[in-house]
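Each chain, letter by letter, is given below.
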Amino acid sequence: MEQQELRHWEARCIQEEPPLCRAGCPLGVDGRSFARTMAREDLAGARAILEKTMPLIGIVGRLCEAPCEQYCLRREFGGSIALGGLERLCLSSVPGRGKILRLPARPKKVRILGSGPSSLTVAFDLAKKGYPVVLLHLADGPGAWLRDLPESALPTSVLQEELARLVTLGVTFQPVADLDASLYATDAGDACYIGQDDALTPDLRTMLEAPDPMTFALAGPGLFTGGLCSVGHPYRLITDVSQGREAAVSIDRYLQGASLTASRVPLRHGQTDLFTETKDVAVKMRIVAADPANFTRQEAVAEADRCLDCQCLECVKHCVYLAEYGAYPKTYARRVYNNSAIVKGIHQANRFINSCALCGQCETLCPKNFSMAELCLDARRLMVRENRMPASAHWFALLEMRAAASETALVRHAPDKTSSQVIFFPGCQLAGIRPDQTLRLYARLRELQAETGIWLDCCGAPAHWAGREEEFSQFRDRLAGIWDSMGRPQVLTACSTCLKIFREHLPEITVASVWTLPLTTGAKGVSRPALALTDPCTSRHDPATRQAVRALLTAMGQELAPLAMSGELTECCGFGGLMEGADPALARKVTAARVAQANGVFLTYCAMCRDQLAKTGKPVLHLLDLLFADTTHPADEAPASLSARRAGRRLLKAKSLEELPTDEPWEKLSLTIAAPVAALLEERRILVDDIRQVLFHAAGGGASFEHGADGRRLASARLGEVTFWVEYRLVSESYHIERCWSHRMTIGGGGES
Amino acid sequence: MSLRFLPQDMNWICRPCREPLQPGMVELHYMGNVFKVELPVCPKCGAVLIAEELALGRMLEVEQLLEDK
Ligand code: SF4
Ligand code: SF4
Ligand SMILES: [Zn+2]
């Protein structure tokens, strides 16, 4: 990934955009963090948040008129969060920390005329940056109209404290008789700010033209002005403070010889790209303070607790995988980028990249269509190209794919036909998991169209998901060749994944889902209570098939139970994107989260989803169980083991050929495998077939050992990329399998030590 | 890297050779890396026994480390 691509990805996730309160604050105060911290009753922490962005905190925090409240998302749901009142309570409850950090002194001098809030802000901001500041004020003392406020609004002691802090920051206060034009004519410093929120003499006032509205610069070099708010203005204080802040930014840029405007972010006035879902927000009324001017601590905490903690996280809220890694796509894009940028050393994000289900739910949910699937798939392809994809990540799925495309593959016209109008492509999962129902469905399809051929194969999705572009494109060419040799019939798939792969990668082939055909036979099936229909994630962008499935169910009189995330928002069953290969525990969590979304029996029209979801013990039906009463499987049937799927595909091929399966020599060995051992095999992805081959090798003189005392035997053989070990006992001609394990390392030369 | 990985139970016999296994240095290879490990070996034919604890323990760890998984 290039830097530029990273920027492009990052820009698409708006989770880091400011919430409305912050966008509505001219000082950019983080109202969200402040309110959340207040709600936790951490008042000192809340004050520290204000101090990050607020100048003259004792004054501004007490007097700010809170324009942010105009924008607050809570507004329509019981009234905006009273951030102004919360700030007041916070500041009057927690004493200041005292010292403020000051940057190293700089040589250029700043002169300020006037001592209103805007001038004090300029002084504060620039003194902090290390500039020596001289502030001229009238003889009665600095503060201008702040001095006229009642004690209850701004205690004199607070004003004095803030002025004293300015002195410690290096501000020199100089009393003058009049704030008039002569003052800056004699000495304007290196830059001069004229604060109009003070009693300037009319001669000075009339000579000031209107400043630039963004930079507050006047035409004269090094001259700035602000504090322009009229006396009765509802946001008088904060407006003047904000003008002082903007002028200070300009003065700093000016003194450093930088452009006043280059890449300067204008005030947002409540504008933000942050999206926050409000459909589940309940109205909660604003806390009414007993003393209207001041919240009590308790009232403030309750008020702060109304804050909605505005965030997007639309994708993260619904995706177990995205939530698992504790952040959101903007930071994930950085993670993926860093992972690609590393040449040597540990690639921390390999597992992260390989765990995405590539299901596309995030893209559908995201207001900006951020696709983690695209990000992760691109990253996987790069890993494969650069030859650093962990060999074990997709190993098993790829083996299964290759076997389904060779050993158990088959294509032929209907038994009594020599051509095919359409050809049935059940997909390797349905074929393996439900061979009997696959044949039943095939029979029904031939009733609808006699010239229906059958094509047992894999669509190549595992190679695609694994990022193996080369293998996938060979796969595609092979499929295209077979289709051509069959006379280019229409392809009917029973698997949403196959359908998607055909549509997106083999556009020359006309393809449809079998579920769009009138499959119902009219035969009366079992009547069942409402079922929770879960759409396969690969049907997300296929509304026609989803509708057709619902139409079939309606025709059969089957009621559906509500399931929140369905249709185009549907969720992955835990198999998608081969996430299981990279992180089996996470895949289990994904599956568990899905079945937890509805009580009662689930229904799906993908064989993989059916068995994946059934792993949790949840009753799950396949659409075929409803369509053909004569081949129904019970909803609580255990999922087919990996070995059973292989055997299922073999059986299906043999039955389609109307032949007995041809036995490999090792298939004659008699094995006994107890249930716990079978479970172990499943978890370790060891097929019964693998065991047979190992034992067969051993019988032919391959590696095999025998325990010196207890009669256990051990056999091992390398099959492809993996060495398998089988521990067994021979009991009257039958192999009793006790344990099996495997490793990927190879054993080289050895010798005695 | 040099590791010693002998199982507690060394009482195993190579079936083809009828020889008891003995500790021996063996090379393990993975992704272009080589490790010398002490394992039970048949003194006659050199057959090596990899016990379950090793395959699913240290060996798996090293495999995953090398894969950056
Ligand atoms: S609800 Fe909270 S985070 Fe959202 S705008 Fe209002 S104060 Fe800010
Ligand atoms: S939905 Fe996700 S990716 Fe999209 S903006 Fe929100 S947090 Fe970012
Ligand atoms: Zn031997």
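The coordinates are above.
Values in this document were obtained by computation on a predicted structure and should not be read as measured data.

### Describing the coordination of the zinc ion (ligand 3)
For a metal with four tetrahedral donors the ideal donor-metal-donor angle is 109.5 degrees, while six octahedral donors give ideal angles of 90 or 180 degrees.
Residues and elements named next belong to chain B.
Piece 1. The protein atoms donating to the zinc ion (ligand 3) are Cys14 (SG), Cys17 (SG), Cys42 (SG) and Cys45 (SG), with metal-donor distances spanning 2.2 to 2.4 Å.
Piece 2. Coordination at the zinc ion (ligand 3) is tetrahedral, judged from the 4 donor atoms that bind it and the angles of 107 to 115 degrees they form at the metal.
Piece 3. Of note, the donors binding the zinc ion (ligand 3) are all from one chain and are spaced C-x2-C-x24-C-x2-C. Taken as a pair, Cys17 in the loop between strand S2 (12-14) and strand S3 (19-20) and Cys45 in the loop between strand S5 (33-41) and helix H1 (52-56) lie far apart in primary sequence, 28 residues in all.
Piece 4. Under the relative-accessibility criterion, Cys17 is labelled buried at 15%.

### A closer look at the interface of chain A and chain B
Piece 1. Counting residues at the interface gives 39 residues for chain A, matched by 36 residues for chain B.
Piece 2. Of the roughly 3300 Å² buried between chain A and chain B, counting both surfaces, carbon and sulfur atoms make up 54%.
Piece 3. If you sort the residues of chain A by the area they bury against chain B, A:Phe705, A:Glu706 and A:Met745 come out on top, with a joint share of 21%.
Piece 4. For the pair chain A and chain B, the interface holds 6 salt bridges.

### Here we look at the pairing of strand S19 (residues 734-743) of chain A
Residues and elements named next belong to chain A.
Piece 1. S19 sits mainly inside the fold: 7 of its 10 residues count as buried.
Piece 2. Across 3 bridges, the pairing between strand S15 (residues 671-673) and S19 is parallel. Counted as the bridge partner of Ile673 is Ile737 from S19.
Piece 3. Taken together, the 9 bridges between strand S18 (residues 722-731) and S19 define a ladder with antiparallel strand orientation. Across the sheet, Arg729 pairs through a bridge with His736, a residue of S19.
Piece 4. Between the end of S18 and the start of S19, which pair antiparallel, lie 2 residues, with Ser732 showing a positive phi angle near 35 degrees.

### Considering the site of ligand 2
Piece 1. Looking at ligand 2, the residues that line it are A:Cys13, A:Ile14, A:Gln15, A:Cys312, A:Leu313, A:Glu314, A:Cys315, A:Pro329, A:Cys366, A:Pro367 and A:Phe370.
Piece 2. Residue composition of the shell around ligand 2, grouped by class: 9 nonpolar, 1 polar and 1 charged.

### Examining helix H7 (residues 117-128) of chain A
Residue and element names in this part refer to chain A.
Piece 1. Taking 1.5 Å per residue as the helical rise, H7 with its 12 residues ought to reach 16 Å, and the 16 Å between its terminal C-alpha atoms agrees with that figure.
Piece 2. The buried count for H7 comes to 11 of 12 residues, which makes it a mostly enclosed element.
Piece 3. Buried within H7 are the following residues: Pro117, Ser118, Ser119, Leu120, Thr121, Val122, Ala123, Phe124, Asp125, Leu126 and Ala127.
Piece 4. Among the residues trailing H7, Gly130 stands out with phi positive, at a value near 100 degrees.

### Looking at the sheet that holds strand S14 (residues 620-622) of chain A
Residues and elements named next belong to chain A.
Piece 1. Strands sit in the order S12-S11-S13-S14 across an open sheet of 4 strands; the sheet is parallel. Either end of the sheet is taken by a strand with one partner, and the two such strands are strand S12 (560-561) and S14.
Piece 2. Each of strand S11 (531-533), S12 and strand S13 (602-604) is contacted by helix H25 (residues 543-555), which is oriented at about 165 degrees to S11, the strand it contacts most.
Piece 3. Contacts from helix H28 (residues 607-614) reach S13 and S14 within the one sheet, and its direction differs from that of S14 by about 165 degrees.

Calculation notes
Residues numbered from 1 in each chain as written. Chains lettered and ligands numbered in written order. Predicted model: local features only at pLDDT ≥ 70, side-chain atom pairs only at ≥ 80, totals over all residues. Heavy atoms only, no water. Donors = N, O, S within 2.8 Å, 3.2 Å for Na, K, Ca; no water. Tetrahedral: all angles 85-135°; square planar, octahedral: opposite > 155°, others 65-115°. Helix = DSSP H or I, 4+ residues; strand = E, 2+ residues; numbered from the N terminus. Buried < 20%, exposed > 50% of the residue type's maximum accessible area, 1.4 Å probe, protein only. Contact = heavy atoms within 4.5 Å. Buried area = accessible area lost by both parts, 1.4 Å probe. Salt bridge = Lys/Arg side-chain N within 4 Å of Asp/Glu carboxyl O. Pairing = 2+ DSSP bridges. Near = heavy atom within 4 Å. Nonpolar A, V, L, I, M, F, W, Y, C, P; charged D, E, K, R; others polar. Expected span 1.5 Å × (residues − 1). Axes fitted to C-alpha atoms, helices over the stretch in contact; angles between N-to-C directions.

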